Amino acid sequence: MELLLICFSFWILHRNPANADSIIHIGAIFEENAVKDDEIFQLAISDLSLNDDILQSEKITHSVKLIEPNNPFQAVQEACELMNQGILALVTSTGCAAASALQSLTDAMHIPHLFIQRNGDGGPRTACQLNPSPDGESYTLAARPPVRINDVLLTLVSEFHWQKFIIFYESDYDIRGLQTFMDQASRLGLDVSLQRVDRNVSRVFTDLFSTMRTEELNRYRDTLRRAVLLMSPRGAQVFIHQAVETNLASKDSHWVYANEEVSDADIMELIHSSLGRMTIIRQVFPLWRDTNVRCMRNNHRISSLLCDPQEGYLQSLEVSNLYLYDSVLMLANAFYRKLEDRKWHSMASLNCMRKSTKPWNGGWSMLDTIQKGRISGLTGMMDFRAEGSNSHVQFEILGTSYSETFMKDVKRLASWDSTRGLNGSLKENRIESGMQGVTLKIVTLLEEPFVMVAENILGQPKRYKGFSIDVLDALAKILGFKYDIYQVGDGKYGSALPNGSWNGVIGELIGKRADLAVSAITITPERESVVDFSKRYLDYSVGILMRKSEEKINIFSLLAPFDLAVWACIAAAIPVVGIMIFLLRRIQAVRCHSNTGHPPPSTSTSLQSAIWIVYGAFVQQGSDSILGSVALRIVMGSWWLFTLIVCSSYTANLAAYLTVSRMDNAVRSFQDLSKQVDLAYGTVRDSTVYEYFRAKGTNPLEQDSTFAELWKVVNKNNGFDNSVSSPSEGIKKAKRESYAFLWDMAVVEYAALTDDDCTLTIAGNSMSTRGYGMALQHGSPYRDLFSQKILELQEKGDLDILKQKWWPKKGRCDLQSHTDAQPEGRALRLHSFAGVFCILAAGLLLALLVAALETWWNSNHCRREQPKEVTTDNSSGQALLNQNRAMVVTTGPPAPPRPRSRPRPPGPPVLPRDATATLYFMDPAGADASPDLVELQYTQL
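Note that the coordinates shown come from a computational prediction; the quantities given were computed from them, not determined experimentally. Every chain is numbered on its own, with residues counted from 1 as its sequence reads. This being a predicted model, a pLDDT of at least 70 is required before a residue's local features are given, and a value of 80 or more before pairs of side-chain atoms are given or counted; all residues contribute to the totals for chains, interfaces and linings. Just so you know, side-chain values use all the structure's heavy atoms and leave hydrogens and water out.

## Remarks on the overall build of the chain
Numbering goes from the N terminus for both helices and strands, where a helix is a DSSP run of H or I of at least four residues and a strand is a run of E of at least two. Counting secondary structure elements, the chain contains 31 helices and 34 strands. The rule is simple: take the accessible area with a 1.4 Å probe, protein chains only, and divide by the maximum for that residue type; under 20% is buried, over 50% is exposed, in between is partly exposed. Relative to its full complement of 941 residues, the chain shows a buried share of 44%. Contacts: residue pairs with any heavy atoms within 4.5 Å of one another. Across the chain, the fraction of contacts at a sequence separation of at least 24, relative to all contacts at a separation of at least 6, is 73%.

In structure tokens, the structure reads:
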């Protein structure tokens with residue numbers, strides 16, 4: 001895999017050789033034995049070439065020259081050849097001799113020179129003594145920070161209260177690098193001895209026994225009890241082994257090994273070969289621990305080969321290789337700023353051998369741009385604002401306790417950086433079982449249910465309760481210590497500030513104002529770099545707090561499968577088709593009457609009957625047969641087909657709608673949250689969760705786009721739109737609004753369990769990669785003891801009991817009822833069919849109302865008109881009436897009263913001209929004798 005990536009990088013580079021079209025060309029000079037330097041330089045160039053965000057369409061071209069180690073003449077010769085080709089800057093990784101020669105050349109030609117000091121023998125590095133520039137303008141910038149081992153050593157011997165000790169250094173070590181240290185030690189009154197160690201270490205101890213008498217050996221053995229080793233890892237291991245074998249080292253010996261470049265394997269070899277206490281100083285880069293952070297630098301993607309922890313390529317590199325990669329990034333940053341400001345100076349071909357050659361006129365402007373820049377790379381922060389060198393450096397101090405055994409565990413005691421100095425305690429404390437008589441000063445931060453204020457009595461100190469307080473009380477009962485607790489002033493857990501300091505409870509520990517921090521403090525790599533943590537006592541994960549999804553009751557949900565416009569069109573289609581049928585029936589009746597003189601037989605020809613027939617066919621209840629003509633058959637066939645499609649579509653959509661409405665639409669994961677747009681969400685600004693989403697959302701190696709979408713919403717308007725300032729504000733907002741609060745699962749779960757209205761629920765991933773721990777000062781003697789007792793509490797189940805106390809499975813609110821699918825939830829509930837019952841009830845009420853109106857209307861109408869029976873003496877009329885058993889009733893207006901006169905003989909009644917007669921008669925062909933009457937009306941013409 002590594003070979004393929006490097007070959008791909010070479011292919012990219014050779015595809016774009018230095019040519020006249022490129023305006024960015026840099027040169028590089030490396031020593032022949034530094035194979036990794038050339039690889040890393042090529043990797044950095046190819047990474048920039050593949051990333052268009054840095055220099056847009058411009059590509060960097062380069063030329064690399066290899067020289068023999070410690071050959072300044074060859075270095076100058078190769079540099080002149082590069083300048084003749086035309087370069088904007090020179091990057092070198094050489095020894096001090098070549099660097100000094102190159103400094104003089106670049107100062108004369110005004111070519112910016114980024115120098116990385118390397119030390120190939122594995123021993124401690126000493127500062128290069130570069131020549132000062134004659135005009136005071138140095139074009140050489142030291143990308144690797146100055147040697148600060150002396151400052152760290154002086155801090156250590158002060159912490160250890162050493163008054164007398166000896167320093168062993170190898171023969172090729174430049175003792176001039178100790179001059180400053182010796183001067184400072186002399187001013188402090190320290191007795192410091194120096195002794196050079198030859199390559200043949202065994203010969204050193206042989207000479208000691210052969211030249212020293214017994215008394216001198218005893219004094220030397222006493223001096224050897226406090227020793228500093230400035231040697232290569234292999235040389236130090238052999239030296240300690242010989243000291244132990246010759247009985248010059250004992251269990252009271254304390255070895256301090258200082259070397260910027262020492263691997264974990266070398267450290268374990270040193271510790272296993274030593275006897276007594278061992279302290280190791282080495283340079284570290286804290287951002288290595290978090291791959292999500294170290295893979296991105298100012299929107300620049302660092303090579304995946306260096307970021308992938310599975311490859312192990314990064315761990316195999318030397319410190320100088322890392323500074324070389326960051327130097328290329330630094331130059332790319334400067335080139336970008338020059339292109340952006342449109343202050344570009346073209347490259348010039350310089351001939352070093354000619355005395356008349358003028359220096360590059362754009363050199364000072366390019367140097368100034370580089371010095372004003374700042375990047376964050378593999379080594380952390382890099383800039384050249386401190387006298388032309390990168391001043392950002394950090395060391396970690398590892399150590400063991402006094403022991404007679406060789407299999408000792410190593411732990412991180414403290415750290416040292418160029419800004420804050422020592423962070424931690426280096427004092428040896430032998431605490432084995434208890435802490436009786438110890439009173440700890442504890443800083444805390446209120447966070448339910450970890451730390452809460454209990455009911456306090458006026459005039460007495462505050463009392464606290466909570467899960468973390470219960471764990472602390474359990475440890476205090478076991479170990480026998482007492483504590484004084486106070487709240488942090490700024491109300492923050494702790495994050496790094498731009499000036500390198502920390503705020504919150506972490507800042508209280510760094511400032512040594514507190515011995516222990518107890519609250520909902522998560523263990524993160526950044527915090528572990530400045531404080532110590534006990535073993536986790538509770539798992540940590542990020543949860544989602546939101547209101548329970550309220551079930552919307554819609555009694556007319558059965559109308560939901562169709563849109564209102566569809567229902568309106570269906571309602572309009574029924575009378576339209578009814579009118580069509582009515583008109584066709586009338587046309588058919590007129591045609592039949594004109595042909596035969598008799599109307600065709602039918603059930604009804606009224607408009608109401610036609611509409612009723614169409615409605616009956618629509619609801620699939622059948623109807624009277626009206627199929628007389630072909631046109632009517634076509635109309636009814638089309639209507640039946642329309643009805644079939646509508647009913648089938650309604651049935652299918654209704655089933656789908658009821659199925660979806662029964663599903664739980666609540667957000668169950670981050671994926672669900674990122675895909676929806678109705679629910680706003682956020683977290684606490686500048687918190688651990690906020691940094692977690694930023695790291696995941698901006699990581700280019702993250703395959704899932706979920707966290708990128710989440711970070712876009714969380715960070716909207718720099719977090720001021722959706723994020724909040726405190727956890728309590730987020731919980732209130734989630735309860736009051738349509739809002740999802742992203743926070744610690746333990747905190748949001750407790751908030752949902754203890755909610756007064758039980759309107760909150762939680763979701764999220766329960767997988768835990770981190771945990772909550774107790775934070776202590778760096779090098780605290782109580783860390784291992786606290787961790788041991790926490791493990792005992794876990795093994796005995798006491799922590800589970802405490803957890804059940806604050807997070808009960810069945811609390812005031814039941815969270816499972818909302819998250820788990822209930823079997824009875826699969827059945828349709830009454831409110832789903834309430835609309836059907838409402839329609840039925842409305843129909844029944846309407847029928848009763850119409851029946852009541854008809855009864856009232858008929859009774860009033862009959863009372864007002866009083867129907868009369870008409871009789872006549874006409875024989876023919878009487879015979880007709882008797883044959884049909886009918887009677888004639890006048891329904892027209894009554895005849896006007898006639899004046900009284902002489903009685904006339906009876907005759908047929910005289911009716912008005914506009915009177916209408918109604919004739920009722922029985923059907924003689926009827927099967928039964930029931931008086932079914934058929935109404936026949938006619939008007940006297």
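Let us keep going from here.
## Remarks on the side chain of T683
Residue position: T683 is located in the loop between β26 (680-682) and α23 (688-697). Judged by relative accessible area, T683 falls into the buried class, the value being 0%. A 3.5 Å cut-off defines polar contacts: any pair of N or O atoms within that distance qualifies, except that in protein one atom must be a possible hydrogen donor and the other a possible acceptor, and neighbouring residues in sequence count only when both atoms are side-chain atoms. A polar contact of 2.7 Å, which involves the side chain of T683, links it to the backbone oxygen of L742.

## Some remarks on the sheet that holds strand β25 (residues 542-547)
Taking strand neighbours across the sheet as the criterion, the four strands line up as β26-β27-β25-β28 in an open arrangement whose pairing is mixed. Each edge of the open sheet carries a strand with a single partner, namely β26 and β28 (760-764). Taken over all neighbouring pairs, the strand axes of this sheet differ in orientation by 25° on average, direction set aside. The sheet contact formed by β25 and β28 spans five bridges and is antiparallel. The pairing criterion is simple: DSSP has to find at least two bridges between the two strands. All axes are obtained by fitting lines to C-alpha atoms, using only the stretch in contact for helices, and the reported angles, taken between N-to-C directions, cover 0 to 180 degrees.

## Here's the deal with the packing of helix α4 (residues 72-85) against helix α5 (residues 96-109)
For any two helices packed against each other, the geometry is given by the interaxial angle and the distance between the axes. Put simply, α4 and α5 touch, their axes get as near as 8 Å, and they point 35° apart. Handedness of the crossing formed by α4 with α5: right-handed. Counting all contacts with α4, which are made through P72, A75, V76, A79, C80 and M83, the residues of α5 involved are A97, A98, A101, L102, L105, T106 and M109. Ten residues, namely Ala, Val, Leu, Ile, Met, Phe, Trp, Tyr, Cys and Pro, are considered nonpolar, four, namely Asp, Glu, Lys and Arg, are considered charged, and the remaining ones, Gly among them, are considered polar. Its residues assigned to classes, the contact of α4 with α5 shows 12 nonpolar, one polar and no charged. Less than a right angle of anticlockwise turn of the near helix away from the far helix marks a crossing as left-handed, whereas a clockwise turn marks it as right-handed.

## Comments concerning the pairing of strand β6 (residues 164-170)
Extensive coverage of β6 is indicated by the burial of six of its seven residues. Pairing of β6 with strand β7 (residues 191-197), which is carried by seven bridges, proceeds in the parallel orientation. Within β7, the position partnered with I167 by the bridge is L194. By definition, the crossover connecting two strands over a helix is right-handed if that path, from the first strand to the second, turns clockwise as seen with the strands pointing away from the viewer. Handedness of the β-α-β unit built from β6, helix α7 (residues 179-187) and β7 comes out right-handed. By the bridge criterion, four bridges tie β6 to strand β8 (residues 226-230) in an arrangement that is parallel. Looking at β8, one finds that Y169 is bridged to L230.

## Re the nonpolar core
Considering soluble globular proteins, one finds that nonpolar side chains tend to be buried as a cluster. Within the largest apolar cluster, 86 residues are counted, with the highest numbers of intra-cluster contacts made by F450 and F786. By residue number, the principal contributor to this core is helix α26 (residues 745-753), which donates eight residues. Residues belong to one nonpolar core when they are buried, are Ala, Val, Leu, Ile, Met, Phe, Trp, Tyr or Cys, and are joined through side-chain atoms within 4.5 Å. By size, the runner-up hydrophobic cluster in this structure holds 57 residues, among which are C80, I111, Y323 and L324.

## Regarding the side chain of E508
Here E508 shows up in helix α17 (residues 504-510). Its relative accessible area of 15% is what places E508 among the buried residues. Residue contacts for E508: discarding those within four places in its chain leaves V443, Y486, V488, R513 and A514.

## Some thoughts on the packing of helix α16 (residues 467-479) against helix α28 (residues 798-806)
Orientation of α16 relative to α28, taken along the N-to-C sense of each, is 150°, at an axis distance of 10 Å. Comparing the axis directions of α16 and α28 gives the class roughly antiparallel. The handedness of the crossing between α16 and α28 is right-handed. Between α16 and α28, the contacting residues are F467, D470 and V471 on the first element and L799, L802, K803, K805 and W806 on the second. Residue composition of the contact of α16 with α28, grouped by class: five nonpolar, no polar and three charged. Roughly parallel here means an angle under 35 degrees, roughly antiparallel means over 145, roughly perpendicular means 65 to 115, and every remaining angle is called oblique.

## A word on unusual backbone geometry
The peptide bond linking E448 to P449 adopts the cis configuration, its omega dihedral lying at -5°. Relative to the helices and strands, P449 resides in the loop between β18 (439-444) and β19 (452-453). Despite not being glycine, K512 shows a phi value in the positive range, around 60°. Mapping K512 onto the fold places it in the loop between α17 and β22 (516-518). K512 gets classed as partly exposed once you look at its relative accessible area, which sits at 45%.

## Side note on the sheet that holds strand β5 (residues 140-142)
Pairing is parallel in the open sheet, where five strands are placed in the order β2-β1-β3-β4-β5. Taken across any chain shown, the strands that pair with only one partner, and hence form the sheet edges, are β2 (60-67) and β5. Strand-to-strand twist in this sheet, taken as the mean axis angle between neighbours without regard to direction, amounts to 20°. For strand β1 (residues 24-31) and strand β3 (residues 89-94), the ladder comprises five bridges, and the chain directions are parallel. Among the inter-strand pairings, A28 is bridged to a residue of β3, identified as V91.

## Things to note about the packing of aromatic side chains
Stacked, tilted and edge-to-face are the three classes assigned to paired rings of Phe, Tyr and Trp, where Trp is represented by its six-membered ring and a pair needs centres within 6.5 Å; plane angles under 30 degrees give stacked, over 60 edge-to-face, the rest tilted. Going through the model one piece at a time under the given rule, you end up with 25 aromatic pairs. Ring centres of F30 and F41 lie 5.5 Å apart, and the angle between their planes is 70°; on these two criteria the pair is classed as edge-to-face. With a gap of 11 residues between them, F30 in strand β1 and F41 in helix α2 (residues 35-50) connect regions that are remote in the sequence. According to the relative accessible area criterion, F30 is buried, its value standing at 0%. Considering the side-chain rings of F467 and W807, the 5.2 Å spacing of their centres and the 70° angle between planes classify their relative orientation as edge-to-face. Of the two residues, F467 sits in helix α16 while W807 sits in the loop between α28 and α29 (816-819), which places them 340 residues apart along the sequence. A network of ring pairs unites the aromatic residues F450, F467, Y537, Y540, Y772 and W807 as a single cluster.

## Some points on the confidence of the model for the chain
Per-residue confidence from the prediction method is given by pLDDT, with values spanning 0 to 100. Looking at the chain, pLDDT values average 76 and 72% of them are 70 or higher. By mean pLDDT, strand β32 (residues 887-890) is the weakest element of the chain at 41, and β22 is the strongest at 94. For residues 1-21, every residue scores under 50 in pLDDT, and the model assigns this stretch 22 contacts once sequence neighbours within four places are set aside.

## Details of the state of the cysteines
Criterion for a disulfide: a pair of cysteine sulfur atoms at a distance within 2.5 Å. Across all of its chains, the model carries one disulfide by this definition. Through a disulfide, C96 is tied to C128; the S-S separation comes to 1.8 Å. A torsion of -70° about the S-S bond marks the disulfide between C96 and C128 as left-handed. One end of the pair, C96, is in helix α5; the other, C128, is in the loop between β4 (113-117) and β5, with 32 residues separating them in the sequence. On the accessibility criterion, C128 (18% relative accessible area) is buried.

## Focus: the environment of W502
Position of W502 relative to the elements: it lies in the loop between β21 (482-487) and α17. In the structure, W502 is positioned 25 residues away from R527 in sequence and 9.5 Å away in space, judged by C-alpha atoms. Beyond its immediate stretch of four places on either side in the chain, W502 contacts R420, G494, S495, A496, G507, I510, E526, R527 and V530.

## Comments concerning the pattern of salt bridges
For salt bridges, the criterion is a side-chain nitrogen of Lys or Arg within 4 Å of an Asp or Glu carboxyl oxygen. For the structure shown, the criterion picks out 28 salt bridges. The salt bridge partner of E318 is R118, with a shortest N-O separation of 3.4 Å. Residue E318 is found in the loop between α13 (304-307) and α14 (319-341), and its partner R118 is found in the loop between β4 and β5; the two are separated by 200 residues along the sequence. For E318, a relative accessible area of 30% corresponds to the partly exposed category. Taking relative accessible area as the criterion, R118 reaches 9% and is therefore assigned buried. Across the salt bridge formed by E792 and K789, the nearest N and O atoms sit 3.7 Å from each other.

## Side note on α5
Count 3.6 residues to each turn of an α-helix, and residues three or four apart come out pointing the same way. Given a helix with a known number of residues, its expected span is that number minus one, times 1.5 Å. The first and last C-alpha atoms of α5 sit 20 Å apart over 14 residues, in line with the 20 Å expected at 1.5 Å per residue. Positive phi shows up at H110, right after α5, with a value of about 60°.

## What about the environment of P124?
Here P124 lies in the loop between β4 and β5. Sequence separation of P124 and V147 is 23 residues, and the distance between their C-alpha atoms is 9.4 Å. Among residues more than four places away in sequence, those in contact with P124 are N119, Y173, L230, M231, S232, A258 and N259.

## Observations regarding the environment of M381
Residue placement: M381 occurs in strand β14 (residues 380-383). Residue classification places M381 among the partly exposed residues on the basis of a relative accessible area of 33%. On a C-alpha basis, the gap between M381 and F285 in space is 9.9 Å, while along the polypeptide they are 96 residues apart. Residues in contact with M381, not counting those within four places in the same chain, are R374, I375, S376, N390 and H392.

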